[in-house]
Amino acid sequence: YCKYHKDNAPEEIQKPLKSTNLIECGVSEWDAEYVNIEQEVLFELILAANYLDIKSLLDLTCAKVASMIKGKNTEEIRKQFNIVNDFT
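The structure reproduced in this document is the subject of the present report. (Residues numbered from 1 in each chain as written. Predicted model: local features only at pLDDT ≥ 70, side-chain atom pairs only at ≥ 80, totals over all residues. Heavy atoms only, no water.)

### A closer look at the nonpolar core
Among the nonpolar cores identified, the biggest contains 19 residues, and Ile13, Val27, Leu57 and Leu60 are the most heavily contacted of them. Among the secondary structure elements, those contributing two or more residues to this core are helix H3 (39–51) and helix H4 (55–69). Counting residues per element, this core draws most heavily on H4, which supplies five residues. If we skip the residues at most four places from it in the chain, Leu60 touches Tyr1, Ile13, Val27, Asp31 and Val35. (Core = buried A, V, L, I, M, F, W, Y, C linked by side-chain atoms within 4.5 Å. Buried < 20%, exposed > 50% of the residue type's maximum accessible area, 1.4 Å probe, protein only. Helix = DSSP H or I, 4+ residues; strand = E, 2+ residues; numbered from the N terminus. Contact = heavy atoms within 4.5 Å.)

Next comes the structure, spelled out in structure tokens:
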């Protein structure tokens, strides 16, 4: 990610997200494909981006999670993220 964006700064992601499709929200095709990864890896990438203070990567990965939530009801979100109940 950092090598790719060293000379090619990422576009600002529109907030709030207009769509569940990141490309429609101003994310490049390369970036959208970059975060098209397993959920567990995505969460680890969020933690790494936060720890390393890479704001654009943190914004991208959080936007990916937001796109996974957008338009879903409570039960669908629980199923998506394996949440057993509200107290986990």
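Alright, that's what it looks like, and here's the rest.
### Quick look at the environment of Leu47
Among the structural elements, Leu47 can be located in helix H3. Relative accessible area serves as the criterion here: at 59%, Leu47 is assigned to the exposed category. Leu47 sits 11 residues away from Leu58 along the chain, and the two C-alpha atoms are 8.3 Å apart.

### Quick notes on H3
Relative to the 18 Å expected for 13 residues at 1.5 Å per residue, H3 spans 19 Å between its end C-alpha atoms, a close match to the ideal helical length. By the burial criterion, the buried members of H3 are Leu42, Leu45, Ile46 and Ala49. Seen from one end, H3 has its buried residues packed into an arc of 105°, which puts them on one side. Every exposed residue of H3 that faces more than 90 degrees away from the buried side is listed here: Glu40, Leu47 and Tyr51. Where H3 is buried, its residues touch helix H2 (29–34) and H4. A positive backbone phi angle near 60° is found at Asp53, which sits one or two residues after H3. (Expected span 1.5 Å × (residues − 1). Arc of directions from axis to C-beta.)

### Notes on the side chain of Ser19
Residue placement: Ser19 occurs in the loop between helix H1 (2–5) and H2. A polar contact is formed between the side chain of Ser19 and the backbone nitrogen of Asn21, at a distance of 2.9 Å. (Polar contact = N/O pair within 3.5 Å; in protein donor to acceptor, adjacent residues only side chain to side chain.)

### Remarks on unusual backbone geometry
Backbone geometry follows two general trends: most residues other than glycine have a negative phi, and most peptide bonds adopt the trans configuration. For the bond from Lys15 to Pro16, the omega torsion is -5°, close enough to zero to count as cis. Looking at where Pro16 falls in the secondary structure, it is placed in the loop between H1 and H2. Of note, Asp53 is a non-glycine position whose phi angle comes to about 60°, a positive value. Inspection of the secondary structure assignment puts Asp53 in the loop between H3 and H4. For Asp53, a relative accessible area of 66% puts it in the exposed group. At Asn82, a residue that is not glycine, the phi angle is positive and equals roughly 55°. Its place among the elements puts Asn82 in the segment after helix H5 (74–80). According to the relative accessible area criterion, Asn82 is exposed, its value standing at 65%.

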